[in-house]
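Reading the structure
Next come the chains, spelled out residue by residue.
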There are 2 protein chains.
Amino acid sequence: MYGSELSNRKKQILKAIVESHIELGEPIGSKSLMQLPGISCSSATIRNEMAELEELGYLEQPHTSAGRVPSQLGYRFYVDQLIEHYAMTKNEIAQIDRILKSKTAELDQILLTASKLASAMTNYTGLAVKPGRSSAVITRFETAYIDEYNFVLIMINASGNVISKHIRMTSPKSQSVVAQLAAILNETVVNLPADALNMSVMLRLEEEMGADAELVAPIIKTIYTTLTENDGGELQLTGIGNLLQYRDYESPEQLGDLLGTLEQKDEILKLVSEKQNDDISVLIGSESSVKVMNNSAIVFKPIVRDGKTLGVIGVLGPLRMDYAKVLETIERLCGSVGEIMDEYSALAPPGKKNNVTKEIDIKDGNNDPS
Amino acid sequence: MYGSELSNRKKQILKAIVESHIELGEPIGSKSLMQLPGISCSSATIRNEMAELEELGYLEQPHTSAGRVPSQLGYRFYVDQLIEHYAMTKNEIAQIDRILKSKTAELDQILLTASKLASAMTNYTGLAVKPGRSSAVITRFETAYIDEYNFVLIMINASGNVISKHIRMTSPKSQSVVAQLAAILNETVVNLPADALNMSVMLRLEEEMGADAELVAPIIKTIYTTLTENDGGELQLTGIGNLLQYRDYESPEQLGDLLGTLEQKDEILKLVSEKQNDDISVLIGSESSVKVMNNSAIVFKPIVRDGKTLGVIGVLGPLRMDYAKVLETIERLCGSVGEIMDEYSALAPPGKKNNVTKEIDIKDGNNDPS
DNA sequence: AGTTAGCACTCAAGATAAAAGAGTGCTAAA
DNA sequence: TTTAGCACTCTTTTATCTTGAGTGCTAACT
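Residues numbered from 1 in each chain as written. Chains lettered and ligands numbered in written order. Predicted model: local features only at pLDDT ≥ 70, side-chain atom pairs only at ≥ 80, totals over all residues. Heavy atoms only, no water.

Points about the sheet that holds strand 7 (residues 234-238) of chain B
Residues and elements named next belong to chain B. The condition that has to hold: At least two DSSP bridges between two strands are required for those strands to pair. Put simply, DSSP H or I for four residues or longer makes a helix, DSSP E for two residues or longer makes a strand, and each gets a number counted from the N terminus. Convention adopted: a line fitted to C-alpha atoms gives each axis, helices being fitted over their contacting stretch, and angles between N-to-C directions are expressed from 0 to 180 degrees. Contact between two residues is taken to exist if any of their heavy atoms lie within 4.5 Å; hydrogens are not considered.
With respect to topology, 5 strands assemble into an open sheet ordered 7-3-10-9-8, the strand pairing being antiparallel. Strands with a single pairing partner mark the edges of an open sheet, and in this sheet they are strand 7 and strand 8 (281-284). If you compare each strand with its neighbour and ignore which way they point, the axes differ by 20 degrees on average. Relative to strand 9 (residues 296-305), strand 8 runs antiparallel, the two being bridged by 4 bridges. In the strand pairing of strand 9, Ser281 is matched with Phe300. Together, strand 3 (125-130), strand 7, strand 9 and strand 10 (308-318) form the strand contacts of helix 6 (residues 107-122), whose direction differs from that of strand 3 by roughly 160 degrees.

Right, dumping it as structure tokens:
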């Protein structure tokens, strides 16, 4: 294991450097280090140790005659082995719970609030991910007739997710036509992957629908869109402006690139989705494989209930991020969100613990009539 | 009318200053102005004119011995009376159309794409607003039974918008119970505003539902949420990073505040919703009444079809924004989006011009079973 | 052996001063 | 009314010097 070659004193010194640098944002010299509690040797000794730590790759020197700065590896080692638990006050925890619970029980809302809290409490950028559905195929279709020009197409995918879309028709149709449509879809289109929705399927459907063939094209397009769209989940960022206060991003370009990448969302989503375990993840600098994040770190943790990922909460900030605080904040937030979810499921009647009383994820749609 | 006191020459000089400053971002002096085409007098004359323009409030001087910079009023006058039409190339227009049309016909998608285009073409921050629905009351309820643990609640509000929510039940219910629920809701809750959803309504409903009273609480909560939530529409920002490249925002704080406000979204939404007419709007600096936008300008225009606002496209940038280009870009984008909408309605059979063949605004919901 | 005091050396950052340069306002002549 | 000319102002740039934090190394100390 890396780091095994480090003496206790080296570890202490490395830890002190990382923490000082996180706090001050400047290279740390041997003298200021000497005054810190927990270090009890002369500056010369520290210098020797620092030189060795640098050789081992844990520290870097911006230029001769400057103090040392932790390298990426230094941060990694710090997070893995040196970090101390950050103790949140009861008060803070209570406040988190209070704010989270003051919102509707809608998962979206809670995740967003948690992201805001993460950002506000750490002064970095908070992120919340709502996992995407994987609607590889639709296993069942339903229709709900509204009036002669409107109905709702309800689709259920292989994972049991319910997706509903409002469809407007260009000519009046009776309730039976719409019901028939569902039946035909359940015969023809069920279990077809997106790329199987070709012309032949359309023709066949149009034939079956007879006089109401005009419905087919828009419906198929809707289904196609549903199957292909938005698979990766949703990412919400809060407190982007917080990044500006860290002079770690020197060139505005660099920061601009980062913002651009964040806006794209897919890179971050990929990053977050790639992690398979339920633990808290810390990706430091180039570990994240997102090029533009070489000066940044990201900490995130999925919220898992009954084996299912309800969402991911995280924080993105500069390399020199207060990892102790961030880790604890994320843990705490995930814990609280999880508890809230549990409370909701506790409302379910006994013996049905796994059921969630109410869970609403379908966004509203609005459409103007005529 | 303000500006009537300005001689032609003053106008020309003001115009040249504004345009030079937009291009260069620096105070403009009399000498560099003299060399510009359209100006044919000596620098001394220009100096005299500039002094007067400053006295009238159209120009400002960062310090003695610096050139002049347009004041907010200067920009206003420029936009109102001096601006020249920016000619977009056929190529650019074709490209806009191509990119817009390559997307699904979903309004959300088109608006987002338009916002991205606005940002990419102008190098400022693009914005797209999807107007909110005003679901003051629900006028009709429908239910669609999925299985014994799931159904979809469909609500239609006074404006005819369709809103659907997926409801999970904690104990198995038959199709008839769910159908009955719709009937009862249509008797009891129809046309009730959010604040009328009180305990007495709940008790009454629970009585009517008899053995299935447990369904009532989550349903009422869902309806309440639907009635109250998210009324203000949705705002999407693209190219926020672009703001970093303009040194007009000197302090990172200022920019951070701006980003924070943008993130809040409600201020911008309010701003955009306040405008009643369908014209393109230009709000310069403090005109927008959003305090943090004193150094910024915002240009936006609603897309109106058949008397209904489908969305708003706009651009936000520094005060020293290329208004000519931005105005033209926004006009063009709105035009193209409108055309696309028209094309869709053109697919409707003759005599039904107002109908839109397909229009999907309902977001998908996902929910795990069991 | 490991630790520490001492010292020469390095190099960014800050201070000071001088020079440059862009731009102005004003006056007087065209 | 316009313009050339000029003195004046004030920022920006450049150069030079100084400061000081921090280092590495050596030699003495424990």
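Considering the protein's contact with DNA strand D
Let me state the cut-off plainly: We call a residue near a molecule or strand whenever a single non-hydrogen atom of that residue lies within 4 Å of it. For this analysis, a polar contact is any N or O atom pair within 3.5 Å, provided that within protein one partner can donate a hydrogen and the other can accept it, and provided that sequence-adjacent residues contribute only side-chain to side-chain pairs. We call Asp, Glu, Lys and Arg charged. Ala, Val, Leu, Ile, Met, Phe, Trp, Tyr, Cys and Pro are nonpolar, and the rest, Gly among them, are polar.
Close to DNA strand D lie 19 residues; Ser30, Met50 and Arg68 of chain A together with Thr45 and Ser65 of chain B are nearest. Restricting attention to atoms of DNA strand D within 4 Å of the protein, one finds that 76% of them are sugar or phosphate atoms. Here a phosphate oxygen of DNA strand D sits 2.8 Å away from a polar atom, N or O, in the side chain of Ser30 of chain A. Residue Arg68 of chain A places a side-chain N or O atom 2.9 Å away from a phosphate oxygen belonging to DNA strand D. Going through the elements one at a time, helix 3 (43-56) of chain A together with helix 3 (43-56) of chain B are the ones with two or more residues in the surface near DNA strand D. If one sorts the elements of the surface near DNA strand D by residue count, helix 3 of chain B sits on top with 4 residues. Residue composition of the surface near DNA strand D, by class: 4 nonpolar, 11 polar and 4 charged.

Some thoughts on the pattern of salt bridges
Where we set the bar: The salt bridge criterion pairs a side-chain nitrogen of Lys or Arg with a carboxyl oxygen of Asp or Glu, the two atoms within 4 Å. Relative accessibility under 20% of the residue-type maximum defines a buried residue, over 50% an exposed one, and the middle range a partly exposed one, all with a 1.4 Å probe and only protein chains included.
With the rule as written, the count across this model stands at 32 salt bridges over all chains. Among the salt bridges present, the one from Arg76 of chain B reaches Asp80 of chain B, with a minimum N-O distance of 3.0 Å. Here the residue Arg76 of chain B and the residue Asp80 of chain B both occupy positions in helix 4 (residues 72-82), the gap between them amounting to 4 residues, near one helical turn. On the accessibility criterion, Asp80 of chain B (39% relative accessible area) is partly exposed. Between Asp212 of chain B and Lys173 of chain B there is a salt bridge, with the nearest N and O atoms lying 2.8 Å from each other. Here Asp212 of chain B, found in the loop between helix 8 (199-209) and helix 9 (216-228), pairs with Lys173 of chain B, found in the loop between strand 6 (162-168) and helix 7 (175-188); they are 39 residues apart in sequence, far enough to count as distant. Across the pair, Lys173 of chain B and Asp212 of chain B agree in class, each one buried. Through salt bridges with shared partners, a single ionic network connects Arg9, Lys10, Glu49 and Glu52 of chain A.

Thoughts on the environment of Ser40 of chain B
Within the secondary structure layout, Ser40 of chain B lies in the loop between helix 2 (30-34) and helix 3. Along the chain, Ser40 of chain B and Leu112 of chain B lie 72 residues apart, while their C-alpha atoms are 46 Å from each other.

Concerning the protein's contact with DNA strand C
Near DNA strand C you find 19 residues, and of these Arg9, Thr45 and Ser65 of chain A together with Ser30 and Met50 of chain B are the closest. Counting only atoms of DNA strand C within 4 Å of the protein, the sugar-phosphate share comes to 75%. Ser30 of chain B places a polar side-chain atom, nitrogen or oxygen, 2.7 Å from a phosphate oxygen of DNA strand C. Within the backbone of Ala66 of chain B, one N or O atom sits 3.5 Å away from a sugar or linking oxygen of DNA strand C. Listing elements by their share of the surface near DNA strand C, those giving two or more residues are helix 3 of chain A together with helix 3 of chain B. With 4 residues, the top contributor of residues to the surface near DNA strand C is helix 3 of chain A. When the residues that make up the surface near DNA strand C are grouped by side-chain class, the tally is 4 nonpolar, 11 polar and 4 charged.

Re the confidence of the model for chain A
Residue and element names in this part refer to chain A. Note the threshold: Every residue is assigned a pLDDT by the predictor, reflecting its confidence on a scale from 0 to 100.
On average, residues of chain A score 86 in pLDDT, and 89% of them reach the 70 mark or higher. Ranking the helices and strands of chain A by mean pLDDT puts strand 2 (residues 69-70) first, with 98, and strand 6 (residues 162-168) last, with 80. Considering only residues more than four positions removed or in separate chains, one finds that residues 347-370, a stretch of pLDDT under 50, has 93 contacts.

Quick look at the environment of Thr143 of chain A
Residue and element names in this part refer to chain A. Tracing the sequence through the fold places Thr143 in strand 4 (residues 138-147). Thr143 sits in the buried class, given a relative accessible area of 17%. Not counting chain neighbours up to four residues away, the residues in contact with Thr143 comprise Phe151, Val152, Leu153, Val178, Ala179 and Ala182. A polar atom in the side chain of Thr143 sits 3.2 Å from the backbone oxygen of Val178.

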